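Single-letter residue listing:
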Protein chains: 2
Amino acid sequence: MKVDVIVFECREGSLLQTEAVVTQKKQKVKEQFHLFLTKKRLKATLQRNLILDAFVDLDRPTHMDELYLVLRSKHSHIGHATVYRALRLFAAAGIAREFSLGDGLTRYELAGHGKRHDYLVCSDCGTVTEFDNSSIEQRQLAVARSMGFTVEALKIELRGVCSRCLTQSG
Amino acid sequence: MKVDVIVFECREGSLLQTEAVVTQKKQKVKEQFHLFLTKKRLKATLQRNLILDAFVDLDRPTHMDELYLVLRSKHSHIGHATVYRALRLFAAAGIAREFSLGDGLTRYELAGHGKRHDYLVCSDCGTVTEFDNSSIEQRQLAVARSMGFTVEALKIELRGVCSRCLTQSG
DNA sequence: AAATACAATGACATCCACTTTCATCAAAAA
DNA sequence: TTTTTGATGAAAGTGGATGTCATTGTATTT
(Lines give C-alpha, C1' and ligand atoms only; values in the text may rest on other atoms or scores of the structure.)
Protein backbone atom coordinates (compact mmCIF):
# COMPACT_ATOMS: atom_id res chain seq x y z
CA MET A 1 0.00 0.00 0.00
CA LYS A 2 1.28 3.42 -0.87
CA VAL A 3 -0.09 6.45 0.86
CA ASP A 4 0.63 10.12 0.53
CA VAL A 5 1.20 11.41 4.00
CA ILE A 6 0.67 15.02 4.87
CA VAL A 7 1.31 16.07 8.40
CA PHE A 8 -0.53 18.97 9.92
CA GLU A 9 1.25 20.68 12.72
CA CYS A 10 -0.71 20.42 15.92
CA ARG A 11 1.68 21.96 18.40
CA GLU A 12 0.62 25.41 19.39
CA GLY A 13 2.51 28.14 17.65
CA SER A 14 4.23 26.01 15.09
CA LEU A 15 2.24 27.55 12.25
CA LEU A 16 3.30 30.94 13.42
CA GLN A 17 7.01 30.29 13.03
CA THR A 18 8.63 33.20 11.32
CA GLU A 19 11.01 32.82 8.43
CA ALA A 20 13.81 33.96 10.71
CA VAL A 21 13.13 31.30 13.33
CA VAL A 22 13.05 28.60 10.66
CA THR A 23 16.33 29.76 9.19
CA GLN A 24 17.91 29.84 12.63
CA LYS A 25 16.72 26.31 13.42
CA LYS A 26 18.03 25.10 10.09
CA GLN A 27 21.41 26.63 10.76
CA LYS A 28 21.60 24.98 14.16
CA VAL A 29 20.77 21.56 12.73
CA LYS A 30 23.39 21.92 10.03
CA GLU A 31 26.00 22.89 12.58
CA GLN A 32 25.12 19.88 14.70
CA PHE A 33 25.46 17.63 11.66
CA HIS A 34 28.84 19.00 10.66
CA LEU A 35 30.08 18.68 14.21
CA PHE A 36 29.06 15.02 14.07
CA LEU A 37 30.79 14.52 10.72
CA THR A 38 34.01 16.05 12.02
CA LYS A 39 33.96 13.98 15.19
CA LYS A 40 33.44 10.77 13.24
CA ARG A 41 35.89 11.76 10.50
CA LEU A 42 33.18 11.57 7.88
CA LYS A 43 32.95 13.88 4.92
CA ALA A 44 30.68 16.82 4.27
CA THR A 45 29.61 16.24 0.69
CA LEU A 46 27.41 18.22 -1.66
CA GLN A 47 24.76 15.48 -1.60
CA ARG A 48 24.56 15.31 2.17
CA ASN A 49 24.09 19.05 2.34
CA LEU A 50 21.40 18.99 -0.33
CA ILE A 51 19.54 16.15 1.39
CA LEU A 52 19.77 17.80 4.79
CA ASP A 53 18.48 21.06 3.31
CA ALA A 54 15.52 19.32 1.71
CA PHE A 55 14.80 17.40 4.90
CA VAL A 56 14.88 20.48 7.11
CA ASP A 57 12.91 22.56 4.61
CA LEU A 58 10.14 19.96 4.47
CA ASP A 59 9.79 20.32 8.24
CA ARG A 60 7.48 17.34 8.66
CA PRO A 61 7.86 13.57 8.97
CA THR A 62 8.83 12.07 5.65
CA HIS A 63 10.35 9.00 4.08
CA MET A 64 13.04 8.23 1.53
CA ASP A 65 10.82 8.22 -1.54
CA GLU A 66 9.23 11.59 -0.87
CA LEU A 67 12.56 13.22 -0.16
CA TYR A 68 14.08 11.57 -3.22
CA LEU A 69 11.37 13.01 -5.46
CA VAL A 70 11.78 16.48 -4.00
CA LEU A 71 15.52 16.29 -4.57
CA ARG A 72 15.28 14.82 -8.06
CA SER A 73 13.07 17.69 -9.17
CA LYS A 74 15.99 20.04 -8.56
CA HIS A 75 19.12 17.91 -8.64
CA SER A 76 18.77 15.02 -11.04
CA HIS A 77 22.05 13.46 -10.06
CA ILE A 78 21.21 12.11 -6.60
CA GLY A 79 20.60 8.37 -6.19
CA HIS A 80 18.22 6.39 -3.97
CA ALA A 81 20.99 4.79 -1.96
CA THR A 82 22.52 8.13 -1.08
CA VAL A 83 19.24 9.40 0.31
CA TYR A 84 18.77 6.23 2.35
CA ARG A 85 22.30 6.46 3.66
CA ALA A 86 21.96 10.14 4.46
CA LEU A 87 18.74 9.65 6.43
CA ARG A 88 20.32 6.87 8.47
CA LEU A 89 23.28 9.13 9.04
CA PHE A 90 21.00 11.94 10.25
CA ALA A 91 19.49 9.50 12.72
CA ALA A 92 22.94 8.42 13.89
CA ALA A 93 23.89 12.07 14.29
CA GLY A 94 20.84 12.59 16.46
CA ILE A 95 19.27 15.21 14.21
CA ALA A 96 16.60 12.87 12.90
CA ARG A 97 14.39 10.29 14.53
CA GLU A 98 13.53 7.08 12.72
CA PHE A 99 10.10 5.58 13.15
CA SER A 100 7.57 3.36 11.50
CA LEU A 101 3.80 3.33 11.18
CA GLY A 102 3.45 -0.26 10.08
CA ASP A 103 2.95 0.46 6.38
CA GLY A 104 6.38 -0.81 5.39
CA LEU A 105 7.97 2.60 5.03
CA THR A 106 10.76 3.86 7.27
CA ARG A 107 9.91 7.38 8.27
CA TYR A 108 12.15 10.15 9.56
CA GLU A 109 11.39 13.37 11.36
CA LEU A 110 13.57 16.13 12.69
CA ALA A 111 14.57 15.37 16.26
CA GLY A 112 14.48 18.06 18.91
CA HIS A 113 11.10 19.09 17.61
CA GLY A 114 10.02 18.13 21.07
CA LYS A 115 9.59 14.44 21.78
CA ARG A 116 6.94 13.65 19.24
CA HIS A 117 5.61 10.14 19.10
CA ASP A 118 1.86 10.41 19.11
CA TYR A 119 0.24 9.87 15.74
CA LEU A 120 -3.31 9.91 14.46
CA VAL A 121 -3.35 7.94 11.22
CA CYS A 122 -6.44 8.36 9.03
CA SER A 123 -7.38 5.02 7.51
CA ASP A 124 -9.30 6.85 4.78
CA CYS A 125 -6.89 9.45 3.38
CA GLY A 126 -3.67 8.23 5.01
CA THR A 127 -2.93 11.56 6.60
CA VAL A 128 -0.70 11.43 9.64
CA THR A 129 -1.44 13.97 12.32
CA GLU A 130 0.82 14.42 15.28
CA PHE A 131 -0.19 15.39 18.76
CA ASP A 132 1.42 15.68 22.13
CA ASN A 133 -0.08 14.70 25.42
CA SER A 134 2.34 14.50 28.27
CA SER A 135 -0.20 13.27 30.83
CA ILE A 136 -0.70 10.12 28.77
CA GLU A 137 3.03 9.66 28.46
CA GLN A 138 3.65 10.00 32.15
CA ARG A 139 1.03 7.41 32.88
CA GLN A 140 2.60 5.04 30.38
CA LEU A 141 6.02 5.47 31.86
CA ALA A 142 4.63 4.72 35.31
CA VAL A 143 3.03 1.50 34.08
CA ALA A 144 6.23 0.42 32.36
CA ARG A 145 8.35 1.15 35.40
CA SER A 146 6.00 -0.84 37.61
CA MET A 147 6.77 -3.80 35.36
CA GLY A 148 10.53 -3.33 35.75
CA PHE A 149 10.89 -1.92 32.26
CA THR A 150 13.37 0.88 31.51
CA VAL A 151 11.76 2.95 28.78
CA GLU A 152 13.85 4.40 25.97
CA ALA A 153 11.20 5.30 23.44
CA LEU A 154 7.48 5.53 23.36
CA LYS A 155 4.95 5.59 20.57
CA ILE A 156 1.21 5.99 20.45
CA GLU A 157 -0.63 5.26 17.27
CA LEU A 158 -4.34 5.86 16.79
CA ARG A 159 -5.97 4.74 13.58
CA GLY A 160 -9.33 6.03 12.56
CA VAL A 161 -11.08 8.60 10.40
CA CYS A 162 -10.06 12.21 10.54
CA SER A 163 -12.61 15.01 10.75
CA ARG A 164 -12.11 15.99 7.11
CA CYS A 165 -12.81 12.53 5.73
CA LEU A 166 -15.75 12.17 8.10
CA THR A 167 -17.47 15.32 6.84
CA GLN A 168 -16.71 14.52 3.21
CA SER A 169 -18.20 11.03 3.31
CA GLY A 170 -21.13 11.63 5.62
CA MET B 1 16.83 -7.44 11.47
CA LYS B 2 15.46 -10.70 12.72
CA VAL B 3 14.36 -11.11 16.29
CA ASP B 4 12.93 -14.01 18.20
CA VAL B 5 9.89 -12.75 19.99
CA ILE B 6 8.58 -14.39 23.08
CA VAL B 7 5.51 -12.98 24.69
CA PHE B 8 4.90 -13.25 28.38
CA GLU B 9 1.31 -13.09 29.40
CA CYS B 10 0.67 -10.16 31.66
CA ARG B 11 -3.07 -10.26 32.10
CA GLU B 12 -4.00 -11.58 35.47
CA GLY B 13 -5.10 -15.17 35.44
CA SER B 14 -3.96 -15.99 31.96
CA LEU B 15 -1.23 -18.28 33.26
CA LEU B 16 -3.81 -20.15 35.29
CA GLN B 17 -5.92 -21.21 32.32
CA THR B 18 -6.82 -24.85 32.62
CA GLU B 19 -6.47 -27.29 29.77
CA ALA B 20 -10.25 -27.46 29.57
CA VAL B 21 -10.64 -23.71 29.17
CA VAL B 22 -8.01 -23.64 26.42
CA THR B 23 -9.70 -26.47 24.55
CA GLN B 24 -13.04 -24.73 24.84
CA LYS B 25 -11.64 -21.44 23.54
CA LYS B 26 -10.01 -23.27 20.66
CA GLN B 27 -13.28 -24.96 19.76
CA LYS B 28 -15.09 -21.65 19.79
CA VAL B 29 -12.53 -20.04 17.47
CA LYS B 30 -12.70 -22.94 15.06
CA GLU B 31 -16.47 -22.74 14.97
CA GLN B 32 -16.32 -19.03 14.28
CA PHE B 33 -13.89 -19.66 11.44
CA HIS B 34 -15.99 -22.35 9.84
CA LEU B 35 -19.08 -20.18 10.11
CA PHE B 36 -17.16 -17.49 8.24
CA LEU B 37 -16.05 -19.96 5.56
CA THR B 38 -19.60 -21.16 5.01
CA LYS B 39 -21.01 -17.64 4.83
CA LYS B 40 -18.40 -16.60 2.26
CA ARG B 41 -18.65 -19.89 0.34
CA LEU B 42 -15.00 -20.62 1.02
CA LYS B 43 -13.62 -24.05 1.65
CA ALA B 44 -12.50 -25.74 4.83
CA THR B 45 -9.25 -27.40 3.84
CA LEU B 46 -6.79 -29.57 5.72
CA GLN B 47 -4.15 -26.83 5.60
CA ARG B 48 -6.41 -24.13 6.98
CA ASN B 49 -7.32 -26.39 9.86
CA LEU B 50 -3.69 -27.22 10.57
CA ILE B 51 -2.66 -23.57 10.45
CA LEU B 52 -5.52 -22.49 12.67
CA ASP B 53 -4.66 -25.25 15.16
CA ALA B 54 -1.03 -24.19 15.29
CA PHE B 55 -2.00 -20.54 15.61
CA VAL B 56 -4.44 -21.14 18.46
CA ASP B 57 -2.09 -23.58 20.21
CA LEU B 58 0.72 -21.02 20.19
CA ASP B 59 -1.58 -18.65 22.06
CA ARG B 60 0.67 -15.62 21.63
CA PRO B 61 1.36 -13.01 18.96
CA THR B 62 3.27 -14.54 16.10
CA HIS B 63 4.17 -14.02 12.47
CA MET B 64 4.19 -16.06 9.29
CA ASP B 65 7.71 -17.38 9.55
CA GLU B 66 7.40 -18.69 13.08
CA LEU B 67 4.10 -20.37 12.33
CA TYR B 68 5.53 -21.80 9.12
CA LEU B 69 8.43 -23.38 10.99
CA VAL B 70 6.14 -24.87 13.62
CA LEU B 71 3.93 -26.32 10.90
CA ARG B 72 6.80 -27.60 8.78
CA SER B 73 8.19 -29.54 11.73
CA LYS B 74 5.04 -31.65 11.70
CA HIS B 75 3.54 -31.32 8.25
CA SER B 76 6.20 -30.87 5.62
CA HIS B 77 3.77 -30.21 2.81
CA ILE B 78 2.56 -26.71 3.69
CA GLY B 79 3.85 -23.74 1.67
CA HIS B 80 4.69 -20.18 2.70
CA ALA B 81 1.98 -18.63 0.59
CA THR B 82 -0.69 -20.78 2.17
CA VAL B 83 0.31 -19.67 5.66
CA TYR B 84 0.30 -16.02 4.57
CA ARG B 85 -3.09 -16.42 2.95
CA ALA B 86 -4.51 -18.27 5.93
CA LEU B 87 -3.39 -15.60 8.38
CA ARG B 88 -4.97 -12.89 6.27
CA LEU B 89 -8.09 -15.00 6.12
CA PHE B 90 -8.14 -15.33 9.90
CA ALA B 91 -7.93 -11.57 10.15
CA ALA B 92 -10.77 -11.18 7.65
CA ALA B 93 -12.81 -13.67 9.66
CA GLY B 94 -12.25 -11.58 12.76
CA ILE B 95 -10.49 -14.33 14.70
CA ALA B 96 -7.05 -12.76 14.34
CA ARG B 97 -5.77 -9.22 14.62
CA GLU B 98 -3.03 -8.01 12.31
CA PHE B 99 -0.42 -5.61 13.63
CA SER B 100 3.11 -4.43 13.15
CA LEU B 101 5.97 -3.39 15.39
CA GLY B 102 8.00 -1.63 12.75
CA ASP B 103 10.51 -4.43 12.17
CA GLY B 104 9.11 -5.36 8.78
CA LEU B 105 7.16 -8.38 9.95
CA THR B 106 3.39 -8.59 9.88
CA ARG B 107 2.27 -10.00 13.19
CA TYR B 108 -0.97 -11.71 14.11
CA GLU B 109 -2.59 -12.43 17.43
CA LEU B 110 -5.82 -14.10 18.41
CA ALA B 111 -8.61 -11.54 18.56
CA GLY B 112 -11.12 -11.54 21.39
CA HIS B 113 -8.28 -11.97 23.83
CA GLY B 114 -9.49 -8.66 25.08
CA LYS B 115 -8.45 -5.58 23.11
CA ARG B 116 -4.70 -5.89 23.34
CA HIS B 117 -2.61 -3.19 21.79
CA ASP B 118 -0.07 -2.18 24.39
CA TYR B 119 3.41 -3.55 23.85
CA LEU B 120 6.68 -3.31 25.70
CA VAL B 121 9.43 -4.15 23.23
CA CYS B 122 12.84 -4.91 24.72
CA SER B 123 15.55 -3.43 22.55
CA ASP B 124 18.06 -5.85 24.03
CA CYS B 125 16.46 -9.30 23.71
CA GLY B 126 13.57 -8.42 21.39
CA THR B 127 10.96 -9.80 23.74
CA VAL B 128 7.49 -8.38 23.32
CA THR B 129 5.48 -8.05 26.50
CA GLU B 130 1.86 -7.05 26.42
CA PHE B 131 0.03 -5.02 28.97
CA ASP B 132 -3.36 -3.45 29.36
CA ASN B 133 -4.12 -0.10 30.84
CA SER B 134 -7.58 1.18 30.15
CA SER B 135 -7.07 4.55 31.86
CA ILE B 136 -4.38 5.41 29.33
CA GLU B 137 -6.60 4.31 26.52
CA GLN B 138 -9.53 6.37 27.69
CA ARG B 139 -7.34 9.43 27.89
CA GLN B 140 -6.08 8.82 24.38
CA LEU B 141 -9.56 8.42 23.00
CA ALA B 142 -10.56 11.69 24.64
CA VAL B 143 -7.64 13.53 23.04
CA ALA B 144 -8.42 12.06 19.64
CA ARG B 145 -12.10 12.93 19.88
CA SER B 146 -11.25 16.49 20.83
CA MET B 147 -9.42 16.72 17.52
CA GLY B 148 -12.43 15.46 15.57
CA PHE B 149 -10.89 12.06 15.02
CA THR B 150 -13.02 8.91 15.06
CA VAL B 151 -10.81 6.20 16.51
CA GLU B 152 -10.91 2.68 15.13
CA ALA B 153 -7.74 1.20 16.53
CA LEU B 154 -5.14 2.17 19.04
CA LYS B 155 -1.62 1.06 19.69
CA ILE B 156 0.92 1.90 22.35
CA GLU B 157 4.50 0.82 21.89
CA LEU B 158 7.19 1.29 24.50
CA ARG B 159 10.76 0.40 23.63
CA GLY B 160 13.34 -0.08 26.31
CA VAL B 161 15.12 -2.68 28.37
CA CYS B 162 13.15 -5.32 30.22
CA SER B 163 13.91 -6.21 33.83
CA ARG B 164 15.60 -9.47 32.88
CA CYS B 165 18.07 -7.88 30.48
CA LEU B 166 18.71 -5.12 32.98
CA THR B 167 19.70 -7.53 35.75
CA GLN B 168 21.77 -9.66 33.40
CA SER B 169 23.84 -6.79 32.05
CA GLY B 170 24.27 -4.69 35.10
C1' DA C 1 -22.57 -41.85 -6.19
C1' DA C 2 -20.80 -39.36 -10.02
C1' DA C 3 -20.24 -35.31 -12.26
C1' DT C 4 -19.46 -30.59 -12.15
C1' DA C 5 -17.96 -26.10 -10.55
C1' DC C 6 -14.74 -23.57 -8.60
C1' DA C 7 -11.92 -22.38 -4.59
C1' DA C 8 -7.27 -23.67 -2.64
C1' DT C 9 -2.74 -25.21 -2.96
C1' DG C 10 2.18 -24.74 -3.70
C1' DA C 11 6.21 -24.06 -6.56
C1' DC C 12 7.76 -20.30 -8.72
C1' DA C 13 7.94 -15.62 -10.23
C1' DT C 14 7.30 -11.01 -9.02
C1' DC C 15 6.96 -6.81 -6.20
C1' DC C 16 8.68 -3.41 -3.22
C1' DA C 17 11.40 -1.19 0.36
C1' DC C 18 15.74 -1.31 1.57
C1' DT C 19 20.80 -2.65 1.55
C1' DT C 20 25.06 -3.93 -0.37
C1' DT C 21 28.60 -4.05 -3.94
C1' DC C 22 32.08 -2.06 -6.43
C1' DA C 23 34.27 0.87 -9.69
C1' DT C 24 34.74 5.60 -9.73
C1' DC C 25 34.87 10.15 -7.60
C1' DA C 26 35.91 13.80 -4.43
C1' DA C 27 36.99 15.77 0.22
C1' DA C 28 40.36 16.22 3.73
C1' DA C 29 45.19 15.15 5.08
C1' DA C 30 50.00 14.92 4.24
C1' DT D 1 49.85 18.41 -5.30
C1' DT D 2 49.59 14.00 -4.13
C1' DT D 3 47.79 10.59 -1.18
C1' DT D 4 44.42 8.62 1.59
C1' DT D 5 40.12 7.26 2.42
C1' DG D 6 35.31 7.98 2.77
C1' DA D 7 31.16 8.86 -0.54
C1' DT D 8 28.55 8.20 -4.60
C1' DG D 9 25.39 5.88 -7.70
C1' DA D 10 24.13 2.26 -10.93
C1' DA D 11 23.08 -2.18 -10.52
C1' DA D 12 22.55 -6.36 -8.15
C1' DG D 13 21.02 -8.55 -3.97
C1' DT D 14 17.83 -9.31 0.32
C1' DG D 15 13.85 -10.55 2.53
C1' DG D 16 9.02 -10.24 3.52
C1' DA D 17 4.85 -10.36 1.27
C1' DT D 18 1.93 -11.21 -2.86
C1' DG D 19 0.64 -12.68 -7.61
C1' DT D 20 0.45 -16.46 -11.19
C1' DC D 21 -1.14 -20.64 -12.80
C1' DA D 22 -1.42 -25.57 -13.51
C1' DT D 23 -2.99 -28.96 -10.52
C1' DT D 24 -5.54 -30.67 -6.58
C1' DG D 25 -9.30 -30.91 -3.40
C1' DT D 26 -13.84 -29.62 -1.61
C1' DA D 27 -18.56 -29.02 -1.69
C1' DT D 28 -22.51 -28.78 -4.34
C1' DT D 29 -25.49 -30.28 -7.98
C1' DT D 30 -27.49 -33.71 -10.67
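Residues numbered from 1 in each chain as written. Chains lettered and ligands numbered in written order. Predicted model: local features only at pLDDT ≥ 70, side-chain atom pairs only at ≥ 80, totals over all residues. Heavy atoms only, no water.

(A) Summary view of the relation of the copies chain A and chain B. Of the two same-sequence chains, chain A is brought onto chain B (RMSD 0.1 Å, axial shift 0.0 Å) by a rotation of 180°. This pairing of chains is accounted for by a two-fold axis. If distances are taken from each C-alpha of chain A to the rotation axis, the shortest is found for isoleucine 156 of chain A, at 2.2 Å. By residue overlap, the copies meet face to face through one surface: 100% of the interface positions of chain A are interface positions in chain B. (Least-squares fit on C-alpha atoms with pLDDT ≥ 70 in both. Contact = heavy atoms within 4.5 Å.)

(B) Region of interest: the protein's contact with DNA strand D. Around DNA strand D sit 21 residues, and of these Arg48, His77, Thr82 and Arg85 of chain A together with Thr106 of chain B come closest. Considering the 4 Å shell around the protein, atoms of DNA strand D inside it are sugar or phosphate in 74% of instances. In the environment of DNA strand D, a sugar or linking oxygen lies 2.9 Å from a nitrogen or oxygen atom belonging to the side chain of glutamine 47 of chain A. Histidine 77 of chain A has a polar backbone atom sitting 2.5 Å from a phosphate oxygen of DNA strand D. Listing elements by their share of the surface near DNA strand D, those giving two or more residues are helix H2 (46-58) and helix H4 (80-93) of chain A together with helix H4 (80-93) of chain B. In terms of residue count, H4 of chain B provides more of the surface near DNA strand D than any other element does, four residues in total. Residue classes in the surface near DNA strand D are distributed as six nonpolar, seven polar and eight charged. (Near = heavy atom within 4 Å. Polar contact = N/O pair within 3.5 Å; in protein donor to acceptor, adjacent residues only side chain to side chain. Helix = DSSP H or I, 4+ residues; strand = E, 2+ residues; numbered from the N terminus. Nonpolar A, V, L, I, M, F, W, Y, C, P; charged D, E, K, R; others polar.)

(C) Structural context of the sheet that holds strand S4 (residues 106-110) of chain A. Residue and element names in this part refer to chain A. If you trace the three strands from one edge of the open sheet to the other, you get S2-S4-S3, paired in antiparallel fashion. Whereas interior strands pair on both sides, the edge strands pair on one side only; in this sheet they are strand S2 (62-63) and strand S3 (96-100). Of the pairings in the sheet, the one linking S2 to S4 comprises two bridges and is antiparallel in character. Within S4, the position partnered with histidine 63 by the bridge is arginine 107. (Pairing = 2+ DSSP bridges.)

(D) Representation of the packing of helix H1 (residues 19-39) of chain A against H2 of chain A in the model. All names here are of chain A. Following both chains from N to C, one finds H1 and H2 inclined at 145°, their axes separated by 11 Å at the closest point. Crossing hand, H1 versus H2: right-handed. When H1 is examined against H2, the residues Lys26, Val29, Lys30, Phe33, His34 and Leu37 are found in contact with a partner set consisting of Arg48, Asn49, Leu52, Asp53, Val56 and Asp57. Of the residues contributing to the contact of H1 with H2, the split by class is five nonpolar, two polar and five charged. (Axes fitted to C-alpha atoms, helices over the stretch in contact; angles between N-to-C directions. Left-handed = near helix turned anticlockwise from the far one by under 90°.)

(E) Inspection of the interface of chain A and chain B at higher detail. Taken together, the contact pairs 35 residues of chain A with 35 residues of chain B. Counting each side, the surface lost to burial between chain A and chain B is near 2900 Å², with a carbon and sulfur contribution of 64%. Looking at the side of chain A that touches chain B, the elements that each hand over two or more residues are strand S5 (118-122), strand S6 (128-131), helix H5 (134-146), strand S7 (150-161) and helix H6 (163-169) of chain A. When residues in the side of chain A that touches chain B are grouped by element, the largest group, twelve residues, is from S7 of chain A. Pairing analysis gives eleven bridges linking S7 of chain A to strand S7 (residues 150-161) of chain B, with the strands arranged antiparallel. Each bridged residue has a counterpart across the sheet, and for valine 161 of chain A the counterpart in S7 of chain B is threonine 150 of chain B. (Buried area = accessible area lost by both parts, 1.4 Å probe.)

As far as function goes, none of this settles anything; it's purely spatial.
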